[in-house]
Amino acid sequence: MVVSLEGDAFARLYPREYYAKFVSQGMRPDGRVLTQERPISIVRDVVAGADSSALVKLGRATALAGIKLEVASPEDERPGEGSIIVQVELPPMCSASSRPGLVSPRAARLTEELGGLAESGALCDLAQLTHPGGRSVWVAYCDVYVLDADGSLSDVCLLATLAALQALRLPALEPEGAGGAAVPAPHDTPEGPAAPRALRLEPPLTPLTCGIFGGALVVDPTAEEEALMDALVCLRVNGDGQLAGVSKLGGSGLGREHLATAHMAAMRRHLALQGP
Amino acid sequence: MEYVNTVGLRLDGRRPNEIRQLRAEMSTLASADGSATFEMGNTKVLAAVYGPREASNRAQTDTSKATVRCEYSMAAFSSGERRRRGKSDRRATETSLAIANTLEQNILTELLPRTQIDIYVQVLQADGGMRCAAINAAFLALADAGVPMRDSVAACAAGYLDGTALLDLNYTEDGGGGPEVAVALQTGLHQVLMLQTDSKLSMEVFEEVVELASNGCRAVAEFLRTTLLAHVGRLSLATSIAKSEA
């Protein structure tokens, strides 16, 4: 009993030294080895009110994505395309340290990162979101709520967005009338109910966040671990296992061998998620 | 629109004094000190409690009791039309205050001086009765966090449409233009903690609706009690297993 109390006190007072002792043995306080990720669970269509939704857990880290569809007129500079607008929220319930009222810079960064991916068509070809007549398009508003901010948020948010897009079904639109605006078809058309169609998504990206701690690479860090890391690097691999994005915002240096190890770990996750 | 048909059934097939199906789950978020999801029909809310912990703002620290704060917000995809972002949503702020004030009355704040208890409520699906569902969820989350409380709290709303008092209005009935009264009770002490309506209604109707809502609160309280007992049962089983393994 006395020993465990001292261990707890040591962990609270000297978190870095405590963590370093684990890393020197190739282990982490939660029992994982350094290159081991946390278990992933993905549940689709969890919110009845949304057009599609997904709840993704990465260990304890949790994100809920919900998509609402709206009909709009296309933008002038992109006439043949609809749009996917991603908004990431970090409500104050997501961690003990967040304070209500302020939009956190972290939420803005995640929004920018995911929004950029969706706008560039890296998730799915935006031309599918148009109506045949071309006068109106779908706008898919994807709101991602981080319910438990336990590290590797960029991964859990991207996985939730992808899962929600996979579950999305676009309702069939009636041919455009004289007014030019398409309207959702009523369910009892003479030809029977119009079939909603799924989006053809690009081969899904797989994200992986890694940390650098005293020269060692730590895969999929929790929030506690992230606070101790010298640097964080997020990478994404595409369907062929090629790198499709790396972001390392400052921090300590990153060796080539680290990048290779991280790439391997991302490939492993990709294979585990998408199957062989 | 006919809200109560000739057989006396409502739009969703309920009888006038019938509550929607209730579901609840406790300890749904690992990071929070206490958390719970609570569903009333299609309305689904998630509540998380942090605290009692050291007050973040030293100037506002109360040396005699705990400070209870609440933030209530609705997910953008929770309702029919997508909600535009806006932190300065006055309605949400008002609901936050109502939830905090209602539950503060029930917490033994004098036992926890200089601390603060944060209650965060997120509406995931909105189908009427969000305020009451939020209070019920927050009560479960407070219990999950082990915050000392006086009594159990339960909330339920009732309205009046087509000359009939209706319990636990859904979104369509809420938009029917009739009066709605939200009630929160301390069910053991028989005290009314919250009573709220914005509509004009006669004294007889008011009493009838409040009585119906109070009955609804008692039904909800019974359900909350069952949920709490089941949760405590699971906890004590887990503790006894942990002890036997140690």
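Being a predicted model, the structure only gives us computed values, none of them experimental. (Residues numbered from 1 in each chain as written. Chains lettered and ligands numbered in written order. Predicted model: local features only at pLDDT ≥ 70, side-chain atom pairs only at ≥ 80, totals over all residues. Heavy atoms only, no water.)

Asks: I keep staring at the interface of chain B and chain A and nothing clicks. Help me out?
Replies: Where the parts come together, the accessible area they lose is often given as the size of the interface. Taken together, the contact pairs 27 residues of chain B with 30 residues of chain A. Counting the surface lost from both chain B and chain A, the interface buries some 2500 Å², and carbon and sulfur atoms represent 56% of this. On inspection of chain B and its partner chain A, the count reaches zero salt bridges. Taken together, the elements giving at least two residues each to the side of chain B that touches chain A come down to strand E3 (43-54), strand E4 (67-74) and strand E5 (115-125) of chain B. Considering only residue class, the side of chain B that touches chain A consists of twelve nonpolar, seven polar and eight charged. (Contact = heavy atoms within 4.5 Å. Buried area = accessible area lost by both parts, 1.4 Å probe. Salt bridge = Lys/Arg side-chain N within 4 Å of Asp/Glu carboxyl O. Helix = DSSP H or I, 4+ residues; strand = E, 2+ residues; numbered from the N terminus. Nonpolar A, V, L, I, M, F, W, Y, C, P; charged D, E, K, R; others polar.)

Asks: Looking at this model, I keep getting lost on the nonpolar core. Mind explaining?
Replies: Soluble globular proteins tend to bury their nonpolar side chains together. In this structure, Phe38, Tyr72, Leu103, Ile119, Leu142 and Val220 of chain B are the most contacted members of the largest nonpolar core, which totals 63 residues. At eleven residues, the largest contribution of residues to this core is made by helix H2 (residues 130-144) of chain B. By size, the runner-up hydrophobic cluster in this structure holds 43 residues, among which are Cys142, Val156, Leu165 and Leu199 of chain A. (Core = buried A, V, L, I, M, F, W, Y, C linked by side-chain atoms within 4.5 Å. Buried < 20%, exposed > 50% of the residue type's maximum accessible area, 1.4 Å probe, protein only.)

Asks: I'm lost on the sheet that holds strand E4 (residues 83-89) of chain A in this one. Help?
Replies: Strands pair in a sheet through their backbones, by hydrogen bonds, and they do so in one of two ways: parallel or antiparallel. Residue and element names in this part refer to chain A. Read across the sheet, five strands follow the order E1-E2-E3-E5-E4 without closing on themselves; strand pairing throughout is mixed. The open sheet has two free edges, formed respectively by strand E1 (40-44) and E4, since each of these has just one partner strand. Adjacent strand axes in the sheet meet at a mean angle of 15° when their direction is disregarded. Sheet topology places strand E3 (residues 61-72) next to strand E5 (residues 137-148); eleven bridges connect them, and they run antiparallel. Note on E5: the bridge partner recorded for Glu70 is Val139. (Pairing = 2+ DSSP bridges. Axes fitted to C-alpha atoms, helices over the stretch in contact; angles between N-to-C directions.)

Asks: Looking at this model, I keep getting lost on the pattern of salt bridges. Mind explaining?
Replies: Close approach of charged atoms allows side chains of opposite charge to pair. Per the stated rule, a full pass over the model turns up 30 salt bridges over all chains. Where Glu211 of chain B meets Arg218 of chain B, a salt bridge forms, and the shortest distance between an N and an O atom there is 3.9 Å. Salt bridges here are not isolated pairs; linked through shared partners, they connect Arg28, Asp30, Arg32, Glu37, Arg38, Arg60, Asp150, Asp155, Asp220, Glu225 and Arg269 of chain A.

Asks: What exactly am I supposed to notice about helix H4 (residues 153-167) of chain A here?
Replies: Side chains that are three or four residues apart share a direction in an α-helix, a result of its 3.6 residues per turn. With 15 residues, H4 of chain A extends 21 Å between its outermost C-alpha atoms, agreeing within 8% with the 21 Å of an ideal straight helix rising 1.5 Å per residue. Of all 15 residues in H4 of chain A, 14 are buried; the element is thus mostly enclosed. (Expected span 1.5 Å × (residues − 1).)

Asks: What should I look at first to understand the UniProt feature "domain: Exoribonuclease phosphorolytic" (unreviewed entry) in chain A in this one?
Replies: On the UniProt side, "domain: Exoribonuclease phosphorolytic" (unreviewed entry) is annotated at positions that read residues 36-171 and 208-268 of chain A here. For residues 208-268 of chain A, the end-to-end C-alpha separation is 10 Å, with 31% helix and 36% strand making up the annotated structure. (UniProt positions renumbered as here; feature names shortened; annotations may be inferred.)

Asks: What is the right way to read the sheet that holds strand E7 (residues 164-167) of chain B from this model?
Replies: All names here are of chain B. With antiparallel pairing, the four strands of this open sheet are ordered in space as E7-E6-E8-E9. Here the strands that pair on one side only, and so sit at the sheet edges, are E7 and strand E9 (191-196). Averaged over all adjacent pairs, the angle separating strand axes in this sheet is 25°, with direction ignored. Sheet strands in contact with H2 are strand E6 (153-161), strand E8 (180-186) and E9, and its direction is about 170° off that of E6. Across the sheet, helix H4 (residues 203-245) lies against E6, E7, E8 and E9, angled at about 145° from E6, the strand it touches most.

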